[in-house]
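Each chain, written out:
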Amino acid sequence: MERFDFQELVEQLPLVVYVDKLDAKSSALYVSPQITRLLGYSQEEWIADPDLFMRSVHPDDRDRVLADIAERNARGAFPQDDYRLIDRNGRVVWVCDQEIVVNDAAGTPIAAQGYMQDVTARTYDSMRLELLVGILGLAAEEHTPEEIVAKAAQLLVSVLGDVGVTFVEIGPDGELSARYSTELNGPVVDTFAIPGYLGRLEAGPIVVDDVRAVDWLAGVADELEQQQIGSAVDVPLRRDGRIVAVLWFNTCGPRRWDPHEVTVLSEVAEQLAIVLDASEARVRRLAAERALRSRDAILEAVSRSAEHFLTNPDLDDAMNELMRVLGEATGASRAYVFENSTGDGP
């Protein structure tokens with residue numbers, strides 16, 4: 001039987017295969033060439049820099065990965081884990097990492113062998129499903145529009161992690177009104193205007209990886225810095241073809257937004273617009289029903305008072321009874337009658 005070249009086989013797999021030291025940084029002893037396709041670094045760069053792996057781990061996942069490495073070094077077991085890496089160009093890559101600790105002939109642990117698989121698309125599919133189900137769940141619970149906005153924003157933050165979310169209404173004249181921000185847990189008092197912003201939004205989501213590198217934002221650079229906005233995705237919400245609101249997704253520093261992410265956020269915004277429309281229609285329907293019940297109650301009160309007047313011709317007594325029942329019908333403590341005087345004085 002022909003002998004296989006296992007290194008050649010490994011280096012053709014759609015995985016990044018690696019051998020790491022059992023140190024606190026999991027420094028690389030070997031990595032397959034697929035590391036270039038995954039993160040943009042060459043084999044030589046990855047192996048030569050013992051800090052490169054840890055620098056590449058997403059800041060929000062770094063402590064967890066370090067804890068897993070420490071556990072592996074102490075007990076010889078590394079849990080299968082999904083976490084984020086940041087490639088050479090700042091793009092976020094989700095990987096599934098699996099490894100085992102290998103021993104020498106004497107049973108002493110000497111290295112970790114494993115592989116990393118790019119699961120970015122799978123992760124965003126899962127994220128999309130979780131968000132869409134969550135948004136639809138808000139409709140089923142019959143929340144008010146204000147409650148739906150707040151809960152949807154909080155749901156987005158819980159899934160996205162390192163992103164602030166703001167819901168901004170757009171009035172008929174194009175005025176912006178930030179109704180809810182996850183960073184403030186409430187409305188934003190001041191919303192600055194950007195020339196030409198609505199025209200850009202008409203074309204679809206606005207994606208800015210680094211606000212400092214975009215010429216059309218130069219006029220509001222100070223405001224963006226003051227509000228600690230380093231990157232942004234702005235996704236419009238439409239009703240009958242007109243933009244009625246926008247979801248702002250912001251990070252403190254520059255961030256490479258993956259096209260999969262933007263697609264997911266656009267689908268969520270579309271679903272949120274439908275849910276909000278249904279909720280607002282429900283609020284209008286309930287208000288109309290309350291008005292109808294109030295009208296019926298007023299008519300009933302007038303009818304009862306007319307009957308009272310027929311049986312009790314005392315005008316003051318009949319009027320007091322009319323005011324009392326009108327007050328009850330309208331939910332007021334009571335009603336009052338003001339008499340116009342045509343004379344020159346009392």
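Below is a summary of the structure that appears in this document.

Definitions and limits used
Residues numbered from 1 in each chain as written. Predicted model: local features only at pLDDT ≥ 70, side-chain atom pairs only at ≥ 80, totals over all residues. Heavy atoms only, no water. Helix = DSSP H or I, 4+ residues; strand = E, 2+ residues; numbered from the N terminus. Buried < 20%, exposed > 50% of the residue type's maximum accessible area, 1.4 Å probe, protein only. Contact = heavy atoms within 4.5 Å. Areas by Shrake-Rupley, 256 points an atom, 1.4 Å probe, with all protein chains shown as cover. Pairing = 2+ DSSP bridges. Axes fitted to C-alpha atoms, helices over the stretch in contact; angles between N-to-C directions. Core = buried A, V, L, I, M, F, W, Y, C linked by side-chain atoms within 4.5 Å. Expected span 1.5 Å × (residues − 1). Arc of directions from axis to C-beta. Polar contact = N/O pair within 3.5 Å; in protein donor to acceptor, adjacent residues only side chain to side chain.

1. Thoughts on the overall build of the protein chain
Okay, so step 1: Helix and strand counts for the protein chain come out as eleven helices and ten strands.
Okay, so step 2: The buried share of the protein chain, taken over its 346 residues, is 38%.
Okay, so step 3: In the protein chain, 51% of the contacts between residues at least 6 apart in sequence involve partners at least 24 apart.
Okay, so step 4: Surface exposure of the protein chain reaches about 20,100 Å², of which carbon and sulfur atoms provide 53%.

2. Re the sheet that holds strand E7 (residues 176-181)
The strands making up a sheet associate through hydrogen bonds between their backbones, and the pairing can be parallel or antiparallel.
Okay, so step 1: Strands sit in the order E7-E6-E10-E9-E8 across an open sheet of five strands; the sheet is antiparallel. Where the open sheet ends on each side, the last strands, each with one partner, are E7 and strand E8 (206-208). Within this sheet the neighbouring strands show an average axis-to-axis angle of 20°, counted without direction.
Okay, so step 2: Bridging between strand E6 (residues 164-170) and E7 involves five bridges; their strand directions are antiparallel. Bridging from a neighbouring strand, Val168 pairs with Ala178 of E7.

3. Here's the deal with the nonpolar core
Okay, so step 1: Among the nonpolar cores identified, the biggest contains 40 residues, and Leu237, Leu247 and Phe249 are the most heavily contacted of them.
Okay, so step 2: Of all elements in the fold, only strand E4 (92-103), helix H6 (120-140), helix H7 (145-160), E6, strand E9 (231-239), strand E10 (242-251) and helix H10 (259-311) reach the threshold of two or more residues within this core.
Okay, so step 3: Those residues within four positions of Leu247 in sequence are excluded, and the remaining contacts are Leu156, Val165, Thr166, Phe167, Val233, Asp234, Val235, Leu237, Ala269 and Leu272.
Okay, so step 4: Grouped together as the second largest cluster of nonpolar side chains are 21 residues, Val16, Leu38, Phe78 and Tyr83 included.

4. Considerations on unusual backbone geometry
Okay, so step 1: In the Ramachandran plot, Ser26 falls in the positive-phi region, its phi being about 55° despite a non-glycine side chain.
Okay, so step 2: Relative to the helices and strands, Ser26 resides in the loop between strand E1 (16-20) and strand E2 (28-31).
Okay, so step 3: Take Ser26: its relative accessible area is 4%, and that puts it in the buried class.
Okay, so step 4: Even without being glycine, Asp240 reaches a positive phi, approximately 55°.
Okay, so step 5: Its location among the elements puts Asp240 in the loop between E9 and E10.
Okay, so step 6: The exposure class of Asp240 is exposed, given its relative accessible area of 81%.

5. Quick word on the side chain of Thr166
Okay, so step 1: For Thr166, the location among the structural elements is in strand E6.
Okay, so step 2: Owing to a relative accessible area of 8%, Thr166 belongs among the buried residues under this scheme.
Okay, so step 3: Every residue in contact with Thr166, bar those within four places of it in the chain, is listed here: Ala178, Tyr180, Ser181, Val188, Val246, Leu247 and Trp248.

6. A closer look at helix H5 (residues 59-75)
Okay, so step 1: Over its 17 residues, H5 runs 25 Å from end to end, which matches the ideal 24 Å to within 8%, given 1.5 Å per residue.
Okay, so step 2: Among all positions of H5, only Asp61, Val65, Asp68, Ile69 and Arg72 are buried. Angular distribution of buried residues about the axis of H5 spans 100°; they occupy a single face of the element. Relative to its buried face, H5 has exposed residues pointing more than 90 degrees away, namely Asp63, Ala74 and Arg75.
Okay, so step 3: Elements that come into contact with the buried residues of H5 comprise helix H4 (52-56), strand E3 (81-86), E4 and strand E5 (109-118).
Okay, so step 4: The first or second residue beyond H5 is Gly76, which carries a positive phi of 80°.

7. So, the pairing of E3
Okay, so step 1: Strand direction decides the pairing type here: E3 and E4, joined by six bridges, are antiparallel. Each residue of the ladder has a partner; that of Leu85, found in E4, is Val93.

8. Observations regarding the side chain of Asp87
Okay, so step 1: Residue position: Asp87 is located in the loop between E3 and E4.
Okay, so step 2: Within polar-contact distance, the side chain of Asp87 engages the backbone nitrogen of Asn89 at 2.8 Å.
Okay, so step 3: Of the polar contacts made by the side chain of Asp87, one reaches the backbone nitrogen of Gly90; its length is 2.9 Å.
Okay, so step 4: In this structure Asp87 touches Leu38, Leu39, Tyr41 and Val93, once residues within four positions along its chain are discounted.

9. Brief notes about the environment of Leu66
Okay, so step 1: Inspection of the secondary structure puts Leu66 in helix H5.
Okay, so step 2: Measuring from C-alpha to C-alpha, the distance between Leu66 and Ser26 comes to 8.9 Å, with 40 residues separating the pair along the chain.
Okay, so step 3: The residues touching Leu66, leaving out its near neighbours within four places in the chain, are Ala24 and Met54.

10. Some remarks on the sheet that holds E5
Okay, so step 1: The strand order E2-E1-E5-E4-E3 describes an open sheet built from five strands, whose pairing is antiparallel. Across the chains shown, the open sheet's two edge strands, defined by having one partner strand only, are E2 and E3. When strand polarity is set aside, the average angle formed by the axes of neighbouring strands in this sheet is 30°.
Okay, so step 2: For E1 and E5, the ladder comprises five bridges, and the chain directions are antiparallel. Residue pairing for E5: Val16 is matched across the bridge by Met116.

Geometric values such as these leave the question of function open.
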